[in-house]
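Structural description and commentary
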Amino acid sequence: MTLPLVIGNWKMNMLASEACDMARSLVDRLSATEGAEVVVAPPFTSLYPVSQIVKGSRLGLAGQNFCSEKKGAYTGEVSIEMLKDVGCGYALIGHSERRQLFGETDEEVNKKVHLAMQMGITAVVCVGETQDQRKAGETLNVIETQLSGCLAGLSSESIAHLAIAYEPVWAIGTGSNATPDQAVEIHKFIRKFLFGSQGFSEEIGARILYGGSVTPENCKELLGEEEIDGALVGGASLNFESFCAIIKSSLES
Ligand code: 13P
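This report concerns the structure included in the present document. As a convention, each chain's residues are numbered from 1 in the sequence order in which they are written. Local features in this predicted model are restricted to residues of pLDDT 70 or higher, and side-chain atom pairs are both shown and tallied only at a pLDDT of 80 or more, whereas totals for entire chains, interfaces and linings draw on every residue. To obtain the side-chain values, all non-hydrogen atoms of the structure were included, while hydrogens and water were left out.

A 1.4 Å probe that fits into a set of points on a 1 Å grid over the protein atoms alone but cannot get out defines a cavity; an open set with protein on both sides within 12 Å along at least five of seven lines defines a pocket, and lining residues are those with an atom within 4 Å of a point. Grid points are joined across faces, edges and corners, and a volume is the space filled by probe spheres set on the points. As a volume, the largest pocket reaches approximately 490 Å³. In this structure, the largest pocket is lined by 18 residues; those nearest its centre are Phe44, Gln64, Asn65, Arg98 and Phe102. The biggest single contributor to the lining of the largest pocket is helix α4 (residues 96–102), with four residues. In DSSP terms, a helix is any run of H or I states spanning at least four residues, a strand is any run of E spanning at least two, and both are numbered starting from the N terminus.

Given below as structure tokens:
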């Protein structure tokens with residue numbers, strides 16, 4: 001049985017001292033809890049200090065983004081090797097905020113996925129439709145286009161280092177989460193894509209997470225679904241007790 005994966009995406013929140021306090025509290029709490037793979041994705045400036053706190057603990061570290069080039073004259077960018085160097089075992093790739101606000105394309109996401117795999121870093125690839133796309137009945141097409149573009153050229157073995165996060169754009173930061181039925185429909189579709197049309201090995205597996213207004217109140221029924229292997233949590237991961245409640249639910253489900 002694969003452990004549930006719960007990732008806290010702190011986005012552009014928390015100063016380094018706050019991120020360190022939160023990481024310390026999580027490390028303490030996790031040492032007293034069984035199971036669940038728990039990861040936090042602080043802003044770049046907090047990665048190094050937080051890495052010193054999570055070292056040797058059960059709390060994993062993720063970058064929220066990185067450059068699609070390996071190294072060189074790319075002012076303002078951070079490379080995958082730099083993420084690895086500060087102890088990241090995971091990286092979020094293609095979050096809808098990166099796509100919508102910073103113009104990230106499926107091609108760039110694909111380059112990043114390959115770089116992460118080469119580094120042995122687990123790539124958490126985000127996909128999801130907008131409200132308009134859902135209303136127009138285009139959800140499955142959108143997800144399929146994103147998946148085929150983002151995962152092009154991956155080998156079956158590499159998916160051991162892959163997680164897909166289904167994050168409907170209309171559910172992110174809006175307080176209105178997808179219903180378990182809505183999420184399950186898309187998770188099944190993603191699974192079919194990975195292990196059916198793409199021919200990836202189901203035995204190696206790749207976890208499929210749900211993200212979008214996950215809270216302590218709704219996580220039980222979402223994470224209770226067999227199709228949902230974990231959660232990518234934004235707002236609720238900024239509050240220690242809320243995030244811990246979500247981690248606890250993931251274990252009970
Ligand atoms: P919220 O949980 O705040 O809706 O954010 C979801 C998200 O974007 C996680 O990556």
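Picking up where we left off.
Looking now at the site of the ligand. One heavy atom within 4 Å of a molecule or strand is enough for the residue carrying it to be called near that molecule or strand. Around the ligand sit Asn9, Lys11, His95, Glu167, Ala171, Ile172, Gly173, Gly212, Ser213, Leu232, Gly234 and Gly235, and those are all the residues in its vicinity. A 3.5 Å cut-off defines polar contacts: any pair of N or O atoms within that distance qualifies, except that in protein one atom must be a possible hydrogen donor and the other a possible acceptor, and neighbouring residues in sequence count only when both atoms are side-chain atoms. In this structure, histidine 95 approaches the ligand through a side-chain N or O atom, which is 2.7 Å from an oxygen atom. To be clear on the numbers: accessible area is Shrake-Rupley with a 1.4 Å probe, and residue cover counts the displayed protein chains and nothing else. When the ligand sits alone it has 310 Å² of accessible area, and the protein chains cover 95% of it. Among the residues forming the shell around the ligand, the class breakdown is three nonpolar, seven polar and two charged. Under the scheme applied here, ten amino acids are nonpolar (Ala, Val, Leu, Ile, Met, Phe, Trp, Tyr, Cys and Pro), four are charged (Asp, Glu, Lys and Arg), and all others, including Gly, are polar.

Let's shift gears to the sheet that holds strand β8 (residues 230–233). Note: two strands are recorded as paired if DSSP finds a minimum of 2 bridges between them. Pairing within the closed barrel is parallel, and its eight strands lie in the order β1-β2-β3-β4-β5-β6-β7-β8. Pairwise comparison of adjacent strand axes, ignoring direction, gives a mean angle of 25 degrees for this sheet. Pairing of strand β4 (residues 90–93) with strand β5 (residues 122–127) involves four bridges; the strand directions are parallel. Along β5, the bridge assignment pairs leucine 92 with valine 124. Against the sheet, helix α10 (residues 240–252) engages β1 (5–9), β2 (37–41) and β8, with an angle of about 165 degrees to β1. Axis geometry follows a simple rule: fit a line to the C-alpha atoms, using only the stretch in contact for helices, then measure angles between N-to-C directions, giving values from 0 to 180 degrees. Whether two residues are in contact is decided by their heavy atoms, any of which lying within 4.5 Å being enough.

Turning our attention to the packing of aromatic side chains. Working definition: rings of Phe, Tyr and Trp (its six-membered ring) pair if their centres are within 6.5 Å, and the pair is stacked with planes under 30 degrees apart, edge-to-face with planes over 60 apart, and tilted otherwise. Throughout the structure, instances matching the rule amount to one aromatic pair. Lying over the aromatic face of phenylalanine 102, arginine 98 brings its terminal NZ or CZ to 4.2 Å of the ring centre. In this scheme, the term charge over a ring applies when either NZ of a lysine or CZ of an arginine sits within 6 Å of the ring centre and within 35 degrees of the ring normal. Over the face of the ring belonging to phenylalanine 66 we find lysine 112, whose NZ or CZ atom lies 6.0 Å from the ring centre.

What follows is about the environment of tyrosine 166. On the secondary structure map, tyrosine 166 appears in strand β6 (residues 162–166). In this structure, the C-alpha to C-alpha distance between tyrosine 166 and lysine 55, residues 111 residues apart in sequence, is 29 Å. Discounting residues that sit within four places of it in the chain, tyrosine 166 has contacts with Val127, Gly128, Glu129, Arg134, Ile143, Ala183, Ile186, His187, Ile190, Leu209, Tyr210 and Gly211. Only 3.0 Å separates the side chain of tyrosine 166 from the side chain of glutamate 129, close enough to count as a polar contact.

Attention now moves to the nonpolar core. Membership of the largest hydrophobic core comes to 69 residues, with the highest contact counts inside it found for Leu151, Leu162, Ile190 and Leu194. With residues near it in sequence (within four places) discarded, isoleucine 190 still touches Val127, Ile143, Leu147, Ile164, Tyr166 and Ile208. One finds Leu5, Val39, Tyr90 and Leu232 within the second-largest nonpolar core, a separate group that totals 13 residues. The nonpolar core is taken to be a set of buried Ala, Val, Leu, Ile, Met, Phe, Trp, Tyr and Cys residues, with the residues joined through side-chain atoms within 4.5 Å. Throughout, exposure labels follow a simple rule: accessible area from a 1.4 Å probe, protein chains only, divided by the maximum for the residue type, with under 20% read as buried, over 50% as exposed, and the rest as partly exposed.

What follows is about the packing of helix α1 (residues 16–31) against α10. The interhelical angle for the contact between α1 and α10, taken along N-to-C directions, is 35 degrees, at an axis separation of 11 Å. The element α1 and its partner α10 pack so that their crossing is right-handed. Packed against α1, whose contacting residues are Met22, Ser25, Leu26, Arg29 and Leu30, the element α10 presents Phe240, Glu241, Phe243, Cys244 and Ile247 at the interface. Taken together, the residues of the contact of α1 with α10 break down into seven nonpolar, one polar and two charged. Left-handed describes a crossing whose near helix is turned anticlockwise from the far helix through less than a right angle; right-handed describes the clockwise counterpart.

With that settled, consider the pairing of strand β3 (residues 59–63). Burial of β3 is extensive: five of the five residues sit out of reach of the surface. Every second residue of β3 is oriented toward a common face, with Leu59, Leu61 and Gly63 on one face and Gly60 and Ala62 on the other, all of them buried. Relative to β3, β2 is paired through three bridges, and the arrangement is parallel. Counterpart to valine 38 in the pairing with β3 is leucine 59. Crossover β2 to β3 through helix α2 (residues 44–54) is right-handed. Here β3 pairs with β4 via two bridges, running parallel. Its bridge partner being in β4, glycine 63 is matched across the sheet by alanine 91. When the strands point away from the viewer and the path from the first strand over the helix to the second turns clockwise, the crossover is right-handed. In terms of handedness, the path from β3 via helix α3 (residues 80–85) over to β4 forms a crossover that is right-handed.

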